[in-house]
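# Commentary on secondary and tertiary structure
Next come the chains, spelled out residue by residue.
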Amino acid sequence: MKFDTVIIGGGLSGLVCAIRLSQQGQRCVIISSGQSALHFSSGSYDLLNTLPDGKEVGNPFSVIGDLIEQAPDHPYSKLGVDKFPVLVSRAEQFFSGIDVPLSGCGQKNHYRVTPMGTLKPTWLSASGFVTSDNADKLPWKSVSIFNPVGFLDFYPQFIADEFLKLGTESDIHLFNLPDLDYLRRNPSELRSTNIARVLDKNVDEVANILNDKSEGSEAIIFPACIGLESDAFLRLQQAVRKPVLLIPTMPPSIIGIHTQQYLHDYFLKLGGVYMLGDSVKRADVEDNAVKRVYSFNHGDIPFAGKNIVLATGSYFSQGLIATSDSVYEPIFNLDVSYSTDRQEWYNSKIFEPQGYQRFGVKTDNSFRGMRNGKIIDNLYVSGAILEGFNPIKEGCGAGVSILSALSIAESILNK
Ligand SMILES: Cc1cc2nc3c(=O)[nH]c(=O)nc-3n(C[C@H](O)[C@H](O)[C@H](O)COP(=O)(O)OP(=O)(O)OC[C@H]3O[C@@H](n4cnc5c(N)ncnc54)[C@H](O)[C@@H]3O)c2cc1C
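Notes on the structure in this doc start here.

Conventions used here
Residues numbered from 1 in each chain as written. Predicted model: local features only at pLDDT ≥ 70, side-chain atom pairs only at ≥ 80, totals over all residues. Heavy atoms only, no water. Buried < 20%, exposed > 50% of the residue type's maximum accessible area, 1.4 Å probe, protein only. Helix = DSSP H or I, 4+ residues; strand = E, 2+ residues; numbered from the N terminus. Pairing = 2+ DSSP bridges. Polar contact = N/O pair within 3.5 Å; in protein donor to acceptor, adjacent residues only side chain to side chain. Contact = heavy atoms within 4.5 Å. Near = heavy atom within 4 Å. Areas by Shrake-Rupley, 256 points an atom, 1.4 Å probe, with all protein chains shown as cover. Salt bridge = Lys/Arg side-chain N within 4 Å of Asp/Glu carboxyl O.

Before going further, it helps to spend a moment on the pairing of strand E16 (residues 304-310). By the criterion of burial, E16 is predominantly enclosed, with 6 of the 7 residues buried. Two strands pair when backbone bridges link them, and E16 and strand E22 (residues 374-381) are joined in this way by 3 bridges, in the parallel orientation. Its bridge partner lying in E22, Ile308 is registered against Leu379.

Glancing now at the sheet that holds strand E4 (residues 102-103). What holds strands together in a sheet is hydrogen bonding between their backbones, with the strands either parallel or antiparallel. Read from one edge of the open sheet, 3 strands run E3-E7-E4, paired in antiparallel fashion. Because the sheet does not close on itself, it has two edges, and the strands there are strand E3 (44-45) and E4. Summarising the sheet, E3 and strand E7 (residues 124-126) pair through 2 bridges and their orientation is antiparallel. By the bridge assignment for E7, Tyr45 is matched with Leu124.

Turning to its location among the elements, Asp284 is positioned in strand E14 (residues 280-286). Within the local environment of Asp284, its side chain forms a polar contact with the side chain of Tyr294, the two groups lying 2.8 Å apart. When near neighbours in sequence (up to four residues on either side) are disregarded, Asp284 contacts Ala289, Val290, Lys291, Arg292 and Tyr294.

Our next topic: the site of the ligand. In the neighbourhood of the ligand, 33 residues make up the surrounding shell, with Ser42, Asp46, Val280, Ser317 and Ala384 lying closest. Within the contact set of the ligand, an oxygen atom lies 2.7 Å away from a side-chain nitrogen or oxygen of Ser42. In this structure, an oxygen atom belonging to the ligand sits 2.6 Å away from a side-chain N or O atom of Ser317. Here the ligand, which alone exposes 1,000 Å², has 85% of that area covered by the protein. Sorting the residues of the shell around the ligand by element identifies helix H1 (12-23), strand E2 (28-32), E3 and helix H11 (397-414) as the ones contributing at least two each.

In this structure the tally under the stated criterion is 15 salt bridges. Here Arg368 ties to Asp377 by a salt bridge, and the two come within 3.7 Å at their closest N and O atoms. Accessibility expressed as a relative area gives 22% for Arg368, which makes it partly exposed. Asp377 sits in the partly exposed class, given a relative accessible area of 38%. Beyond isolated ion pairs, a larger network of salt bridges with shared partners links Arg282, Asp284, Glu286 and Arg292.

Limitation: the analysis is restricted to geometry and does not speak to function.
Here it is in structure tokens:
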């Protein structure tokens, strides 16, 4: 099967790269073994919240020089001072161009609310989620927080306690619907996805409850468990007489699942081919170029492309595998940067940066992978699998996945 570009991995990075290439007329296939980290997403994309030395970042554009000094292998360092801001604004245009509504900009981090009610800096947030321009203040003096009775993946009291520290008072309301009783018979079924399916069908009833019980507050805070497959959240906002804002719940993430599905459908509309549930297991590399890749489902029938993009994620998605003494990349056996001293993998203080989080696939500045130190000309490596960054401590996970994908698409298109 021949394509212009074969993309291995259909998470945020693989999808962004594939859509960008397809928009420019390339014939692309995505082969993806499973669902992605998007299913756990907060609804916000982080660009850069903290430098490796611990300094907090307000304007990511202004600290790229410092980042390059502190972390020369960081994916943003490979982009360089000039290209980083260009790709950030291209990413913002990319999402608005495909009608993914996000707020925020790369020149100034804003703040989102975590499931525990604390504020955390970020780059782009899904529309309808609670955000603030300030680290110590919310836009309201009083809010009403709602939660379905018995839903344990959302914590109204923690949120109310944190909001009070920011000067916002909350009243908490638990609500019920007859259809939720059916789910409640089995506590393990009372998860965000199942609740969303019920709420999506009962928007008018939910709107009545919110209107009745929120007198006196300026805004309504609602768990992000609505709007899985429809425009239900938009209809809820329209039917309620004051602003309704979402806060992420514990996974699964409704906004993440919705985004994954939306990007998948968008790619298909552009003529892309998406093979979900198939895993790439090996490849033929000849003369420093990938000639063919083979998957479990297609056996001896290979996929061939002028270019290959490896976007298989980190340990979480098995793009990287850790054994007791090494870390390797399982499809191409690409060079991986990791410490051979196992003591350096972990820090016993669990909230400190962990060494293993910076391990990843080595690339050149165009994100081409290498084997035994030799660049493979047509193999690009994108997203969470890359070396040199700590998505948790630096708050740069989605930013790395999106910017590396766009940079690779540009390199392929300019070839
Ligand atoms: C649990 C979790 C939550 C996160 N939440 C956030 C957040 O809220 N905000 C933020 O900014 N960042 C977040 N991140 C950081 C995250 O890494 C990025 O945001 C981003 O979604 C990663 O996308 P990716 O496409 O690079 O990798 P992934 O999302 O991991 O996707 C990799 C894909 O490759 C597939 N794959 C793996 N091996 C193969 C194979 N052999 N053949 C075919 N397919 C294969 C996997 O099934 C998967 O679909 C989170 C990370 C994790 C792990």
